[in-house]
Structure formats: structure tokens, C-alpha cells
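Listed below, chain by chain, are the residues.
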Amino acid sequence: MFCCAKMWNSPSTTARAYVWLLFCTFLSSGHGINALSYDYSATTECLKEPQKAQYGGGILKNAEFSDSLEGWDVFGKAEISEGFSKDGRNRYIITHSRTNSLDSISQKVQFQQGNLYTFSAWIQTNNGSENVAVIIRYENGKIYRRGRVTAKDGCWSFLKAGFFANFSTLVDILFESNNTKVEIWVDNVSLQPFTMEEWTSHHHQIIHKERKSKVKFQVTDANRNAIKDAELSIEQTETSFPFGCGMNHYILENKDYQKWFSSRFKYTTFTNEMKWYSTEKKRGHENYTISDAMVKFAQHNNICIRGHNIFWDDPKYQPDWVNNLSPDELREAASKRIDSVVSRYSGELIAWDVMNENLHFRFYEDRLGEDASAEYFSRAYEIDPGTRMFMNEYNTIEDCQDEDSSPGRYVSRLKEILSYPGNENVLGGIGVQGHFNYEQPNLAYMRAALDILASTGLPIWLTEVDVDRGPNQAEYLEQVLREGYCHPGVEGIIMFVGPAIAGFNVTTLADRDFKNTPSGDVVDKLIDEWKSQTTQVKSDSQGFVEVSLYHGDYNISVKHPVTSSWTSFSYNLRKDDTLTEIVNLPINV
């Protein structure tokens, strides 16, 4: 079996250390204000005192309220008062006596068409915990929610969001809480604009820091004597970043589909074939013929598989016979299901989507109790220890108005599952689907959402990426894929796309003759771009060669400058390798 099966079992070492630092370091564009002094590990924590305003508040006036309400207005009929930290040095604003959900402080801002805007604020309420959203209100009165946080009394919670300006206009920035009885406390607000050029230029910085490393080779003879002018050919054979594609049963029937897939992708998810409604259409009659054949095909072609899924919490997508079961019968049937599918493929997959869409739906929780998801995480890991267990959800990164699957709610739900008694050692993972519509994707919100998820330190996978049909489908697909690839917390991407002959009609990569669509051109371009091209270099007078390479596996051939004999090496470049570690290449004389 291909050795990738256990690649992603160690906790992420990059998410906490780099995610916020890299996001804020737009130094070349002049946007590095306060970036390095901020405690970004506090993203999902509730703090006694708020941190400084990101980017020094950006374009907002009086972002830290040091000048009372200067630059701010009151939206609605609420009343405003000032609050002070215990030492009296930090001032914040309290909105109270609220009668409408939108009653809050507000500030008018001029949006420029085509700009992306990052937003953040520290929020607290005076009683219990309540959802507080940041609102964009246009001059015509339309409002759009662009991010939210569950704020609590007694500590400050971090609200992070993002906007894209489809046109130039004056807008109001304000806050919303449906419970008008609570006060909304706000401090250290920030709004920072970026042009699309500035935004994409940041991708290059992240790639060089996160996906590539500088390597120093030294060519020597058997006695470690340096060899000058040796010719090196460095060829990458595999990249370490999983970039894959969904696969369905048509691949078993079509040789052209097999060739098309295996020539491009080394990671996959079966779109339907492992799901319960596919493997047990009649109660007690399991049939794994198709999924077994697909696993065999994948293994033969060194393709790693994500297991999708053990259970789906949406009542519409249960096997027909399951909906008529009593709770006791369902518990028994579900126990047989998880034992059957997980034990069958134990050790052969790189991940399991244990519970699909359990933020939007509650089929198992309503029938089996609130701990249903947590119990199935526990059982799956007991059967297949060492394989990472994922929640898998839609709209967490693609739709900022969906409160059910907001990043904060996702983090909270996953923490509940992993803190369930007995789940302390379960390897958890964050699966976000990424089904984007045909409109310009809100990349600023996508990044904000990924930042919040990455603050957990758990690996993030984009699990089902596609973009609806539209005139700019290929362009928007490229934007989404680049945003995911360039985020330090993202450790893999699977697209739910493919050739027309296999029925992929949302985002189609190839027509029925396997000729690329524009979206297919984008994917092929990125596959080629996200790997090192074959490099030809010569060693210097000390036998050294220094190059910058994408992480992954390499074949290195070295030609002796006098004898012209060749020596070959296999080399694996890992993210943790440093330039101080010189790689010795002893060659034949």
C-alpha cells in the first residue's frame, strides 16, 4: 500500500505559530501595523482584557475609543456609555437600553469597488452568552451579516470577519444581537482594506514560508572532500501537499477516466460509494463490491483515500429503511454500520468523516441523544486508531450569513466531541466542504474563517471544493483554491469536481472527450505550479548548492565533473528541515 495512509496523524505544528503572523505581515504593502505584537493565539479564547486593535484600527476612526465616541454614531435608539478596565487605562463602549437587534454603535466607511476588507473587534455582553454579528448596512437599507462570535459576560471574545466590495459605496459598520436585553460591549475595532493585487501578492510570501524551504546540498567524494562543478539535476517526484479530486463509480467502467484521474491526482474521496445508503440499501444486506473495487483501483495507483462518510446527520440522506426504526433499533443498526465500514477499511484510509453536517442537522442527536456524534468518534477511533477523525460541514468558509455553521460554532462543537469522556486521545480534524456559488467569493471572510479554525491547532482540510456554474467559474475556482493552499492551517484540499462523463456537472474539469474546460485548465496549471520544476545547477568551489524547493520527494542525479559518472539519490524535503542542515551527496569518483 502507498505509504501516505498515515501521513496526517501528527498535530499541526504550523497553525498556532504562523496563521495570524503570516496573515498580518503585509510589510511590503505597508500593512504591517501592530502585526507582530498581537496575541493571535487568543482567537477562540475568552480573555479578561482585549488585545490591541489589529492594524492599529486600519481605516476606522478612534478604533480603540481613546477619544470617547469621536468618529462613532449610535445606530437605532439605544443609549451609549463608557466602560473602563479595572486599572482604568482601557476604555470601551457599552450599548444598552436596546429595543432593536441592530441597536449599537456604528461608523460610516467608504468602500472601494474590488477591495477586500478584513474586520475584527473584541466583544463582550453583560449577561450570559449571546451571538453578536458585525453588519454591513448599505445606503438603501439592505443589511448583510459578515461574521459573528458568541460573546460572554466576564471576558472578551474575538470577532473576526471579512468583506468584499462589489461596488464603491458608503456603508455603515454596526453590530447585531437578537437579544435586546443584553448590552453589547465593543473595544479595539479594526477595518483594513486590501486591493486584490495586495491580497494575492501575500500568497507568494506564504508559499515561500509554508510550502517551500531552502535546501543546501554539498557534493563530496567518499572521503567528504568537496567536489566543484558537479552537475545536479533535481526532479520532484511527489509533492507533500495533498491536492486531490472526488471520484465516483464511473471510474471502474471507463479506462479514459482512470487515465485522466491517475495522471493528475494522488488523493481522493469517494463521492457516494462508502456512504451508508450505498453499502446497505436493504437492512442486513451489505454490499461493498463497488467501494472495494474503487479502493483497489486507488491503491494500485498510489492514491490516498479519505473515508466519506460513516454517518450523515441529514434525515434526507439515510438509507430508506433507517427512518422507520425505533430509537433502540436505530442504535443497533448504527452500531453495526460503524463497526462494519470502519473495520473493513481500517488502516487503509488517511481520514474518516465520522459525522457529516452535524451543525446543520440532528438526525442522530434527536433519536439517540446529544452525545451521538461524540460516541461515534470514540467508536471509530477505537476500531481504527491512528486515523484522523473529522467533522465535515458546509458554509463554514463559503457563506458568512449561515449562523448554523459559523467557524466559532464549528470549533465549539468539535471541542465538545473531543472533550467527551474517553475521546482525549482521538486525533481530530476539521473538514470544511467549500461549495461556493457563482458570485465573487468573499476571500477575506474565507481567510478569517480559516484563521479561527486554525487557532485550534487541528489540521484543516477543504473536503469538497466546487464553484457553481457562471461566467467567472474558472477564475473563482482558482481564487478559492489559492486561498486554501496558501493558508498555513490548511493541510489538504479535495475538490468535488471531475469529467463530464462521470456526471460532474457543477464544476466540470473535462468534457466527454476529456478535453479540458477552463476550470480544468486552472487545476492543471495549479498542479504544475505547486511543485518544483526540474532544476539543473552546478556545485560551487566548496561543493555547495543552495536551492528553494517545494516540500516533497525528489530524485537527485549528480554528474562528476571529471569522470562524467552519475550518482542518484532519493531525497525527502520536509517542512521542519532547516537551511542549517547540510545534505551531503557523496558521489562515485
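### Describing the overall build of the chain
Okay, so step 1: In terms of regular secondary structure, the chain is built from 12 helices and 28 strands.
Okay, so step 2: With respect to the principal axes defined by its C-alpha atoms, the chain has extents near 85 × 70 × 50 Å.
Okay, so step 3: Accessible surface computed for the chain: about 24400 Å², of which carbon and sulfur atoms make up 46%.
Okay, so step 4: Both charge centroids of the chain, one from 59 positive and one from 78 negative side chains, sit 2 Å from each other.

### A word on the sheet that holds strand β25 (residues 544–550)
Okay, so step 1: Strand order in the open sheet formed by 3 strands is β25-β11-β28, with mixed pairing between adjacent strands. Each having just a single partner strand, β25 and β28 (582–586) make up the two edges of the open sheet. Put simply, the sheet's adjacent strands are angled 35° from each other on average, direction ignored.
Okay, so step 2: Note that strand β11 (residues 212–220) and β25 share 7 bridges and pair antiparallel.

### Thoughts on the state of the cysteines
Okay, so step 1: Applying the stated rule across the entire model yields 1 disulfide.
Okay, so step 2: Looking at the unpaired Cys 245, the closest cysteine sulfur is the one in Cys 304, lying at 15 Å.
Okay, so step 3: Accessibility expressed as a relative area gives 0% for Cys 245, which makes it buried.

### Considering the confidence of the model for the chain
Okay, so step 1: In the predicted model, the chain carries a mean pLDDT of 92, and 92% of its residues have values of at least 70.
Okay, so step 2: Throughout residues 5–42 the model reports pLDDT below 50, and contacts reaching past four residues in sequence, or to other chains, amount to 114 contacts.

### Some remarks on the pattern of salt bridges
When the charged atoms of two side chains lie near each other, side chains of opposite charge can form a pair.
Okay, so step 1: Applying the stated criterion to the full structure yields 21 salt bridges.
Okay, so step 2: The residue Asp 292 makes a salt bridge to Arg 344 at a minimum N-O spacing of 2.6 Å. Of the two residues, Asp 292 sits in helix α5 (residues 289–300) while Arg 344 sits in helix α6 (residues 327–344), which places them 52 residues apart along the sequence.
Okay, so step 3: According to the relative accessible area criterion, Asp 292 is partly exposed, its value standing at 27%.
Okay, so step 4: Between Arg 362 and Glu 370 there is a salt bridge whose closest N-O contact spans 2.5 Å.
Okay, so step 5: For Arg 362, a relative accessible area of 36% gives the class partly exposed.
Okay, so step 6: Overlapping salt bridges, with partners in common, bring together Glu 478, Arg 482, Lys 525 and Glu 529 in one network.

### A short note on the nonpolar core
Okay, so step 1: In this structure, Phe 217 and Tyr 364 are the most contacted members of the largest nonpolar core, which totals 122 residues.
Okay, so step 2: Top element by residues in this core is helix α10 (residues 443–454). It accounts for 9 residues.
Okay, so step 3: Ranked by size, the runner-up nonpolar core spans 29 residues in total, among them Phe 65, Val 132, Val 134 and Leu 159.

### Overview of the packing of helix α9 (residues 407–418) against α10
Okay, so step 1: At their nearest, the axes of α9 and α10 sit 9 Å apart, and the two run at 20° to each other. As the angle between them shows, α9 and α10 are arranged roughly parallel. Once α9 is placed against α10, the crossing between them reads as right-handed. Residues Pro 407, Gly 408, Tyr 410 and Val 411 of α9 touch α10, and the partners they reach there are Tyr 445, Ala 449, Ile 452 and Leu 453.

### Notes on the environment of Thr 269
Okay, so step 1: Tracing the chain through its elements places Thr 269 in strand β14 (residues 267–270).
Okay, so step 2: A sequence separation of 40 residues divides Thr 269 from Asn 309, and the C-alpha atoms of the two residues are 9.4 Å apart.
Okay, so step 3: Filtering out sequence-adjacent residues up to four positions away, Thr 269 remains in contact with Cys 245, Gly 246, Met 247, Arg 306, His 308, Ile 494 and Phe 496.

### Overview of the packing of α6 against helix α8 (residues 372–383)
Okay, so step 1: Where α6 contacts α8, the two axes come as close as 9 Å, and the packing angle between them is 35°. In this structure, α6 meets α8 at a crossing whose hand is right-handed. Only Glu 375, Tyr 376, Arg 379, Ala 380 and Ile 383 of α8 make contact with α6, whose side of the interface consists of Arg 331, Ala 334, Ile 338, Asp 339, Val 342 and Ser 343.
Okay, so step 2: Class assignment for the residues of the contact of α6 with α8 results in 6 nonpolar, 1 polar and 4 charged.

### Focus on the sheet that holds strand β8 (residues 157–164)
Okay, so step 1: Reading across from one edge, β2-β3-β10-β5-β8 is the order of the 5 strands in this open sheet, with antiparallel pairing throughout. A strand with exactly one partner marks an edge of an open sheet, and here the two such strands are β2 (79–84) and β8. Taken pair by pair, the neighbouring strands of this sheet meet at an average axis angle of 35°, ignoring direction.
Okay, so step 2: Its contacts with the sheet put helix α2 (residues 196–211) on β5 (116–125), β8 and β10 (184–194), and the angle it makes with β10 is roughly 90°.
Okay, so step 3: Sheet strands in contact with α10 are β5 and β8, and its direction is about 155° off that of β8.

### A word on the side chain of Ser 190
Okay, so step 1: Note that Ser 190 resides in strand β10.
Okay, so step 2: Ser 190 sits in the buried class, given a relative accessible area of 1%.
Okay, so step 3: Of the polar contacts made by the side chain of Ser 190, one reaches the backbone oxygen of Gln 54; its length is 2.6 Å.
Okay, so step 4: Dropping the residues within four chain positions of it, Ser 190 is found in contact with Gln 54, Tyr 55, Gly 57, Gly 58, Leu 60, Thr 118, Phe 119 and Ser 120.

### Description of the pairing of strand β12 (residues 231–239)
Okay, so step 1: Here β12 pairs with strand β24 (residues 535–538) via 4 bridges, running antiparallel. Looking at the pairing, Leu 232 lines up with Val 537 of β24.
Okay, so step 2: As defined by bridge partners, β12 adjoins strand β26 (residues 552–559) across 8 bridges and the pair is classed as antiparallel. When the bridges of β26 are listed, Ile 234 appears paired with Ile 556.

### With respect to the environment of Leu 573
Okay, so step 1: Mapped onto the fold, Leu 573 is located in strand β27 (residues 566–573).
Okay, so step 2: We classify Leu 573 as buried; its relative accessible area is 2%.
Okay, so step 3: Residues Leu 573 and Gly 552, spaced 21 residues apart in sequence, show a C-alpha to C-alpha distance of 5.2 Å.
Okay, so step 4: Excluding residues that lie within four positions of it along the chain, Leu 573 makes contacts with Ser 213, Val 215, Leu 549, Tyr 550, His 551, Gly 552 and Tyr 554.

### Thoughts on the packing of aromatic side chains
Okay, so step 1: Within this structure, the stated rule accounts for 31 aromatic pairs.
Okay, so step 2: Measuring from ring centre to ring centre gives 5.3 Å for Phe 65 and Trp 72, while their planes differ by 40°; the resulting arrangement is tilted.
Okay, so step 3: Classification of Phe 65 by relative accessible area gives buried; the value is 0%.
Okay, so step 4: Since its relative accessible area comes to 6%, Trp 72 is described here as buried.

### Regarding the pairing of β27
Okay, so step 1: Because side chains alternate across β27, one face comprises the buried residues Thr 567, Phe 569, Tyr 571 and Leu 573, and the other comprises Trp 566, Ser 568, Ser 570 and Asn 572, none of which is buried.
Okay, so step 2: Across 8 bridges, β26 lies against β27 in antiparallel orientation. Counterpart to Asp 553 in the pairing with β27 is Asn 572.
Okay, so step 3: Connecting β26 to the next strand, β27, in antiparallel fashion are 6 residues, including Ser 564 with a positive phi near 65°.

What counts and what doesn't
- Residues numbered from 1 in each chain as written.
- Predicted model: local features only at pLDDT ≥ 70, side-chain atom pairs only at ≥ 80, totals over all residues.
- Heavy atoms only, no water.
- Helix = DSSP H or I, 4+ residues; strand = E, 2+ residues; numbered from the N terminus.
- Areas by Shrake-Rupley, 256 points an atom, 1.4 Å probe, with all protein chains shown as cover.
- Lys, Arg positive; Asp, Glu negative; His and termini not counted.
- Charge placed at Lys NZ, Arg CZ, Asp CG, Glu CD.
- Pairing = 2+ DSSP bridges.
- Axes fitted to C-alpha atoms, helices over the stretch in contact; angles between N-to-C directions.
- Disulfide = S-S within 2.5 Å.
- Buried < 20%, exposed > 50% of the residue type's maximum accessible area, 1.4 Å probe, protein only.
- pLDDT = per-residue confidence, 0-100.
- Contact = heavy atoms within 4.5 Å.
- Salt bridge = Lys/Arg side-chain N within 4 Å of Asp/Glu carboxyl O.
- Core = buried A, V, L, I, M, F, W, Y, C linked by side-chain atoms within 4.5 Å.
- Parallel < 35°, antiparallel > 145°, perpendicular 65-115°, else oblique.
- Left-handed = near helix turned anticlockwise from the far one by under 90°.
- Nonpolar A, V, L, I, M, F, W, Y, C, P; charged D, E, K, R; others polar.
- Polar contact = N/O pair within 3.5 Å; in protein donor to acceptor, adjacent residues only side chain to side chain.
- Phe/Tyr/Trp six-rings, centres within 6.5 Å; stacked < 30°, edge-to-face > 60°.

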